[in-house]
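Topology and contacts: notes
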Amino acid sequence: MRFGWRAISGPVLTAALALLAMVFDRFILIPSPAPLFVCVVALAGALSGFASALTSAAVAVIGTALFFLNRHGVSGQATADLVRLGLLATAAAGTAGITGLMRERLLGTFAAERQSHATAARLSAALDQVDIGIVLLDAETRAEFINRAFRDYFAVPDDIADGKPPFIALMYHSRDTGAFELPEDELGTFIAQRMEMVRIGDATPINIALRNGEVLRFVCAALPDGGRMLSYTPVTDLVRHTDAPSRADYYRSLRDPANRRLIRYLRVAE
C-alpha cells in the first residue's frame, strides 16, 4: 500500500469517528457507529484499494470494541455486543474485498483504454505519414478515419473528413471538385460501380486516374466487423521491371492527361 492521503484517509477517518463516538456517548446515548464504519471502509477501498480498506476494517472493529467497552465496561460485555462485533468484522472485511477488487478491475479497464487510445493515436499519426490514401469505413460505410494522403489526393477539407462522412458523400465531393479524369456522362456510372464494390467488399484492384495526372490503385478490403478498408496507392511513377530504364520518361509521358486523351481518341478511331 502506497502511503499518501488516499491510503491513510480511510483508517484515519475510521479512527476519528470511533473517538468521536466514544466522546459523545459519555453525554448522550448514541447508536453503534458500525454501519458508518462499513461506509468508510467502502470509501477507503474506492479511494486507495484493498489494503487501505482492510486496514480501515481492522480499525473499525477495534474502534467498535472500544466503543462497547467504553459504554459497558469489561464486565458488562453482552453476547449481543460480541455478535454485533462479529457481524461488523464480516461486513467490513467483505466490503473491503469487494470494493478493492472493483477498484482494481476499474483501474485495469482504464489503463487498457488509455493504452488502446494511445495505440490508435500512434497508428493514426503513422498512417498520416504514408503516401497511400487510407479510408476506414464502418458497417454503414461511414468514414471513421481518413488519413492525410487521401485528403490531399481528393482535396477533402479537414472539417468534412473529421465529420465521419458517408463514403457516397466523399465520392460526390470528389466529383464536384473535378478530381476524376472522366467525362461528365461517365461519372455517375463510375460512382455507382465504386459504391457497389464497397458494398459487397470486392477486393479487385482498379486504377483511378485523377485530373492532375496522378494514378491511384484502389483496393477495397472487407473487415471482420463488417467495415471496409479502402486504400489508394499511387502508381503514377511505377515502371515495369522489364522496361528499359532509359525509356522511363517516355512511359511517364504516356500517363500525362493530354496524352491519355489522345491515346483513347486514336483507339476509338481505329
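Note: the structure precedes this text.
So, here is what we can say about the structure in this document.

Definitions and cut-offs
- Residues numbered from 1 in each chain as written.
- Predicted model: local features only at pLDDT ≥ 70, side-chain atom pairs only at ≥ 80, totals over all residues.
- Heavy atoms only, no water.
- Axes fitted to C-alpha atoms, helices over the stretch in contact; angles between N-to-C directions.
- Helix = DSSP H or I, 4+ residues; strand = E, 2+ residues; numbered from the N terminus.
- Parallel < 35°, antiparallel > 145°, perpendicular 65-115°, else oblique.
- Contact = heavy atoms within 4.5 Å.
- Nonpolar A, V, L, I, M, F, W, Y, C, P; charged D, E, K, R; others polar.
- Core = buried A, V, L, I, M, F, W, Y, C linked by side-chain atoms within 4.5 Å.
- Buried < 20%, exposed > 50% of the residue type's maximum accessible area, 1.4 Å probe, protein only.
- Phe/Tyr/Trp six-rings, centres within 6.5 Å; stacked < 30°, edge-to-face > 60°.

Describing the packing of helix α1 (residues 5–25) against helix α2 (residues 34–48)
- Packing of α1 against α2 brings their axes to within 8 Å, and their N-to-C directions diverge by 170 degrees. The angle between α1 and α2 falls in the class roughly antiparallel. Across the interface between the two elements, Arg6, Ala7, Ser9, Gly10, Leu13, Thr14, Leu17 and Ala18 from α1 touch Leu36, Phe37, Val40, Leu43, Ala44, Leu47 and Ser48 from α2.
- Residues belonging to the contact of α1 with α2 are distributed by class as follows: 10 nonpolar, four polar and one charged.

Notes on the nonpolar core
- Counting 28 residues, the largest nonpolar core has Val135, Phe154, Phe218, Leu230 and Tyr232 as the members making the most contacts within it.
- For this core, the elements supplying multiple residues, two or more each, are β1 (133–137), β2 (143–146), α5 (148–153), α7 (167–176), α8 (184–200), β3 (206–209), β4 (215–222) and β5 (228–234).
- It is α8 that provides the largest number of residues to this core, a total of five residues.
- Beyond its immediate sequence surroundings of up to four residues, Val135 is in contact with Ala143, Phe145, Ile146, Phe150, Leu170, Arg228, Met229, Leu230 and Tyr232.
- One finds Ala34, Phe37, Val40 and Leu88 within the second-largest nonpolar core, a separate group that totals seven residues.

As for the packing of aromatic side chains
- Taken as a whole and assessed by the stated rule, the structure comprises six aromatic pairs.
- For the pair Phe150 and Phe154, a centre-to-centre distance of 4.7 Å together with 40 degrees between the ring planes defines the contact as tilted.
- Judged by relative accessible area, Phe150 falls into the buried class, the value being 2%.
- Accessibility expressed as a relative area gives 2% for Phe154, which makes it buried.
- Aromatic pair Phe154 and Phe180: ring centres 5.9 Å apart, planes at 55 degrees, arrangement tilted. With a gap of 26 residues between them, Phe154 in the loop between α5 and α6 (158–161) and Phe180 in the loop between α7 and α8 connect regions that are remote in the sequence.

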